[in-house]
Amino acid sequence: MGAWARRLRRELVVAALMLAAALAFLAAVRELYVLQMLSFVFIFAIYAQSWNLVAHSGQHSLGHAAFLGLGSYGSIVVATRLGVPSAVALFLGPLVPALAGLGIGGLCRRLREAYFGMVTFGCTAIVQVLVVEQFGWLTNRWDGLDAPRLAPEGLEIERVAVFNYVLGLALMVATYVVVASIMRSRTGMAFIAIHDNEAVAAAAGVSVVRYRLLAMTVGGYIAGLAGALNGHTLTRHISPGVFGIEDSIWPVLYSIAGGLGTAEGPILGTLVVRVFWEWAIRRVGGFDSLILIGLMLALVVTMLPRGIYPVVARAVGSIGARRRRRAEARP
Amino acid sequence: MSKHFGGLQALSGVDLEIPAGEIVGLIGPNGAGKSTLLNAITGVHPPDAGTIRFDGHDLAGLPPDRITRLGIGRTFQVPQPLGSLSCLDNVAVAALFGGRAASVEAAADEAHAILDFVGLAGRALLPPQGLTIVDLRRLELARALATRARLLLLDEINTGLTASEMTEAIRLIQRVRDRGATILMVEHLVRLIMSVCDRVVVLDFGSKIAEGTPDEIGRNPDVIRAYLGPQRGGADARG
């Protein structure tokens with residue numbers, strides 16, 4: 001525990017800051033719409049962190065919606081058909097996409113880059129068909145399922161929004177700590193070695209296939225957790241539309257905008273892109289807002305090819321360094 | 001063992017034994033099959049026929065990472081550092097997985113010692129992108145050493161050295177052997193092969209054409225012909 005906390009000192013500080021900032025915001029702002037939007041950001045930040053972790057092992061999935069959707073379905077089916085409390089189903093449901101991650105990862109174990117992306121994309125279409133056809137008796141086919149809510153019964157709508165906000169925040173920060181500790185562990189070293197060069201990783205003794213599958217399994221679970229949380233708190237309904245291309249693209253955009261390969265990037269990217277998106281739709285609207293969003297993403301990628309987070313981290317780091325210098329200068 | 005790629009017979013019936021504790025040189029003209037042989041031993045391109053045994057283990061069909069963990073380390077002919085890691089972490093990965101270090105911290109300590117051993121201590125925290133080609137080859141060697149290999153396969157790690165660097169390289173390789181490793185080294189540099197190797201194996205067109213002490217190889221007419229071409233072979237080849 002001591003070594004773990006020492007290795008993760010910086011990340012634990014960041015986690016505490018995120019919690020403090022988000023709770024302070026909650027105390028100041030009680031507008032329902034804003035809380036809903038931020039709950040959505042928290043959930044999709046969990047989702048983007050999953051994509052980023054899998055990408056950290058050199059596997060850039062273009063079919064991540066399979067895991068998001070299976071997490072939703074898994075949790076809702078477990079809750080409604082088995083009568084398990086939603087709070088428990090929330091953590092059991094994602095086991096389904098974890099298993100799917102293992103299977104899809106196994107199918108793609110020799111593929112890299114665009115080929116890996118293509119096959120994961122195709123797998124999502126297959127998953128959709130399986131969910132609608134083969135498991136139609138469980139999933140109610142194209143009509144989908146209503147999700148029992150997580151918030152206690154009898155709570156008024158403002159309280160439910162606060163409940164969803166705090167729960168989303170807690171799970172997002174917990175995911176961050178888990179992902180960061182994976183990245184800084186032995187497993188993270190294996191991921192990054194595989195990411196950089198599989199032949200060299202193998203020559204260094206890394207079991208390439210085993211670690212790739214591990215990344216897909218853990219990534220499947222985390223994405224599934226985001227899906228389950230989304231179903232029980234925000235959409236309150238799941239239908240096969242969740243397997244569409246759009247939800248596979250979002251985590252890629254969020255992660256790239258925020259900073260690939262950093263634990264913080266996907267969270268920051270989700271927040272910035274999503275808040276900008278909401279602002280553009282509300283204030284500008286229509287096609288003009290889509291043009292603005294495209295422009296914003298293009299600017300981020302061309303001007304900050306490593307994402308927003310490294311710039312923020314450097315700025316914070318230089319403030320810290322200046323303060324230390326000033327402290328040393330004092331007699 | 002034999003290996004072909006499509007219609008090309010890259011290795012045909014090569015038989016090779018590397019006794020523990022020796023430094024064996026593997027030479028031959030370009031395209032003779034030297035790198036193919038290393039890739040066959042390390043499981044990157046397993047042979048189509050024949051067997052490879054190491055310390056009582058049959059290596060046939062084992063994936064490269066298993067072979068590394070059994071105790072065979074390699075360098076790549078074209079240095080391939082892991083670009084997102086520091087030099088230290090490049091070596092630490094190998095100590096952690098190939099060398100089975102107990103923890104990330106233990107692997108880092110070990111990597112520090114190995115970087116010091118190969119003369120890269122001052123580069124530990126730098127990214128590998130800024131290294132010279134000579135330093136990149138040392139990093140390759142450091143990574144191979146960190147796997148705690150008992151057999152090291154060194155693929156042209158000394159090409160392009162100046163005379164003084166060469167002297168240093170020879171000393172380094174001898175020190176590696178003194179730590180208890182057996183070495184198979186592919187090299188074009190005749191001076192180096194002659195001064196450090198206990199035995200030399202010559203490949204040409206995928207076949208072993210000679211094997212012996214450096215002195216014997218230097219006098220072998222087949223070897224001279226392979227290097228200088230048949231029309232100038234035999235008695236004409238004195239240069």
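Residues numbered from 1 in each chain as written. Chains lettered and ligands numbered in written order. Predicted model: local features only at pLDDT ≥ 70, side-chain atom pairs only at ≥ 80, totals over all residues.

Lay out the overall build of chain B in plain terms, naming residues and giving numbers.
Tallying secondary structure elements over chain B gives 9 helices and 10 strands in all. In terms of overall dimensions, chain B is globule-like: its C-alpha atoms have a radius of gyration of 18 Å, near the 18 Å expected for 239 residues. With the C-alpha coordinates of chain B rotated into their principal frame, the extents come out at 60 × 40 × 30 Å. Of the contacts made within chain B by residues no fewer than 6 positions apart, 62% connect residues no fewer than 24 positions apart. (Helix = DSSP H or I, 4+ residues; strand = E, 2+ residues; numbered from the N terminus. Rg over C-alpha atoms; globule rule 2.2 N^0.38 Å. Contact = placed C-beta atoms within 7 Å.)

Quick rundown of the overall build of chain A? Include the residues and the values.
The secondary structure content of chain A amounts to 16 helices and 2 strands. Over its C-alpha atoms chain A spans a radius of gyration of 20 Å, differing by no more than 12% from the 20 Å that the globule rule assigns to 331 residues. For chain A, the spread of C-alpha atoms along the principal axes amounts to about 75 × 55 × 45 Å. Looking at the 331 residues of chain A, the share that counts as buried comes to 45%. By sequence separation, contacts in chain A at least 24 residues apart represent 78% of the contacts at least 6 residues apart. (Buried ≥ 20, exposed ≤ 12 C-beta atoms within 10 Å, placed from the backbone.)

Help me get a handle on the nonpolar core, residues and values and all.
The biggest cluster of nonpolar side chains holds 157 residues, and the ones touching the most others in it are Ala193(A), Val206(A) and Val91(B). Residue contributions to this core reach at least three from each of two domains, namely domain 1 (3-71 + 149-236) and domain 2 (82-133 + 142-147) of chain B. (Core = buried A, V, L, I, M, F, W, Y, C linked by C-beta atoms within 7 Å. Domains from an automatic or database assignment.)

Explain the environment of Ser39(A) residue by residue, including any values.
Residue and element names in this part refer to chain A. Along the chain, Ser39 turns up in helix α3 (residues 32-56). Its 24 C-beta neighbours within 10 Å are what place Ser39 among the buried residues. Here the alpha-carbon distance between Ser39 and Ala202, two residues 163 residues apart in the chain, equals 41 Å.

Run through the domain arrangement of chain B, naming residues and quoting values.
All names here are of chain B. Entries for chain B in the domain assignment read domain 1 (3-71 + 149-236) and domain 2 (82-133 + 142-147). A straight line from the C-alpha centre of domain 1 to that of domain 2 covers 25 Å. The partner domain 2 presents 6 residues to the 7 residues of domain 1 that form the contact. Broken down by secondary-structure element, the contributors of at least two residues to the side of domain 1 that touches domain 2 are α2 (64-70) and α6 (163-178). Residues of the side of domain 1 that touches domain 2, tallied by class, amount to 4 nonpolar, 2 polar and 1 charged. (Nonpolar A, V, L, I, M, F, W, Y, C, P; charged D, E, K, R; others polar.)

I'd like a rundown of the interface of chain B and chain A, residues and numbers included.
A common way to report how large an interface is uses the accessible area buried once the components associate. Contacts between the two partners involve 21 residues from chain B, matched on the other side by 18 residues from chain A. Looking at the side of chain B that touches chain A, the elements with two or more residues in it are α2 and α3 (87-97) of chain B. Among the residues making up the side of chain B that touches chain A, the classes are represented as 10 nonpolar, 7 polar and 4 charged.

Could you give an account of the packing of helix α6 (residues 95-107) of chain A against helix α7 (residues 113-134) of chain A, with specific residues and numbers?
Residues and elements named next belong to chain A. Packing of α6 against α7 leaves a shortest axis separation of 10 Å and a crossing angle of 135°. On the basis of the axis angle, α6 is oblique to α7. Here α6 runs over α7; the crossing is right-handed. Only Val119, Thr120, Cys123 and Val127 of α7 make contact with α6, whose side of the interface consists of Ala100, Ile104 and Leu107. (Axes fitted to C-alpha atoms, helices over the stretch in contact; angles between N-to-C directions. Parallel < 35°, antiparallel > 145°, perpendicular 65-115°, else oblique. Left-handed = near helix turned anticlockwise from the far one by under 90°.)

Mind laying out helix α10 (residues 186-196) of chain A, listing which residues take part and the relevant values?
Counting buried positions along α10(A) yields 8 of 11 residues, so the element is predominantly enclosed. When we look at burial in α10(A), the residues that qualify are Gly188(A), Met189(A), Ala190(A), Phe191(A), Ile192(A), Ala193(A), Ile194(A) and His195(A). Elements that come into contact with the buried residues of α10(A) comprise α3, α9 (157-183), α11 (198-203) and α12 (208-235) of chain A together with α3 and α4 (104-118) of chain B.

So what about the sheet that holds strand β9 (residues 199-204) of chain B? Which residues, and what values?
Residue and element names in this part refer to chain B. Taken in spatial order, the 6 strands of this open sheet run β6-β7-β8-β3-β9-β10, and their pairing is mixed. Unpaired on one side and paired on the other, β6 (72-74) and β10 (207-212) mark the two borders of the sheet. For this sheet, the mean angle separating the axes of adjacent strands, direction not counted, is 20°. Of the strand pairs in this sheet, strand β3 (residues 23-27) and strand β8 (residues 182-186) are connected by 4 bridges, and their pairing is parallel. Opposite Leu26, over in β8, you have Val186 as the bridge partner. (Pairing = 2+ DSSP bridges.)

Tell me about the confidence of the model for chain B, and name the residues and values.
Residues and elements named next belong to chain B. Scored by pLDDT, chain B has a mean of 88; 95% of the residues are at 70 or more. When mean pLDDT is compared element by element in chain B, α3 scores highest at 97, while strand β1 (residues 3-5) scores lowest at 77. Overall, residues 232-239 carries pLDDT values under 50, and its contacts beyond four positions in sequence, including any with other chains, amount to 9 contacts. Complex prediction metrics read pTM 0.91 and ipTM 0.90. (pLDDT = per-residue confidence, 0-100.)

Hey, could you go over the packing of α3(A) against helix α14 (residues 265-283) of chain A for me, with residue numbers and the actual values?
Residue and element names in this part refer to chain A. The N-to-C vectors of α3 and α14 enclose an angle of 140°; their axes lie 8 Å apart at closest approach. For the element pair α3 / α14, the angle class is oblique. Handedness of the α3/α14 crossing: right-handed. Each of Met37, Phe40, Val41, Phe44, Ala45, Ala48, Gln49 and Asn52 in α3 lies in contact with α14, whose residues at this interface are Gly265, Pro266, Ile267, Gly269, Thr270, Leu271, Arg274 and Glu278.

Give a description of unusual backbone geometry that names residues and reports values.
Positioned with a positive phi, Asn140(A) is a non-glycine residue whose angle comes to about 65°. One non-glycine residue, Asp55(B), lies in positive phi territory at about 55°. Following the sequence through the fold, Asp55(B) ends up in the loop between β4 (53-54) and β5 (57-58). The class of Asp55(B) is exposed, set by 11 C-beta atoms lying within 10 Å.

Quick rundown of the pairing of strand β7 (residues 151-155) of chain B? Include the residues and the values.
Side-chain positions along a regular strand alternate between the two faces of the sheet. All names here are of chain B. The buried fraction of β7 amounts to 5 of the 5 residues, a majority that puts the element mostly inside the structure. Side chains Leu151, Leu153 and Asp155 project from β7 onto one buried face, and the interleaved Leu152 and Leu154 project onto a second face that is buried too. The pairing of β6 with β7 spans 3 bridges and is classified as parallel. Across the sheet, Arg74 pairs through a bridge with Leu153, a residue of β7.

Which residues make up α7(A), and what values go with them?
Residues and elements named next belong to chain A. An ideal rise of 1.5 Å per residue puts 32 Å on 22 residues; α7 measures up with 31 Å between its terminal C-alpha atoms. Taken as a whole, α7 has its buried residues at Phe116, Thr120, Cys123, Thr124, Val127 and Val131. Down the axis of α7, the buried side of the element spans an arc of 110°, and every buried residue falls inside it. Opposite its buried face, α7 presents the exposed residues Ala114, Tyr115, Val129 and Glu133, each directed more than 90 degrees away. Where α7 is buried, its residues meet α4 (65-81), α6, α8 (136-139) and α13 (246-258). (Expected span 1.5 Å × (residues − 1). Arc of directions from axis to C-beta.)

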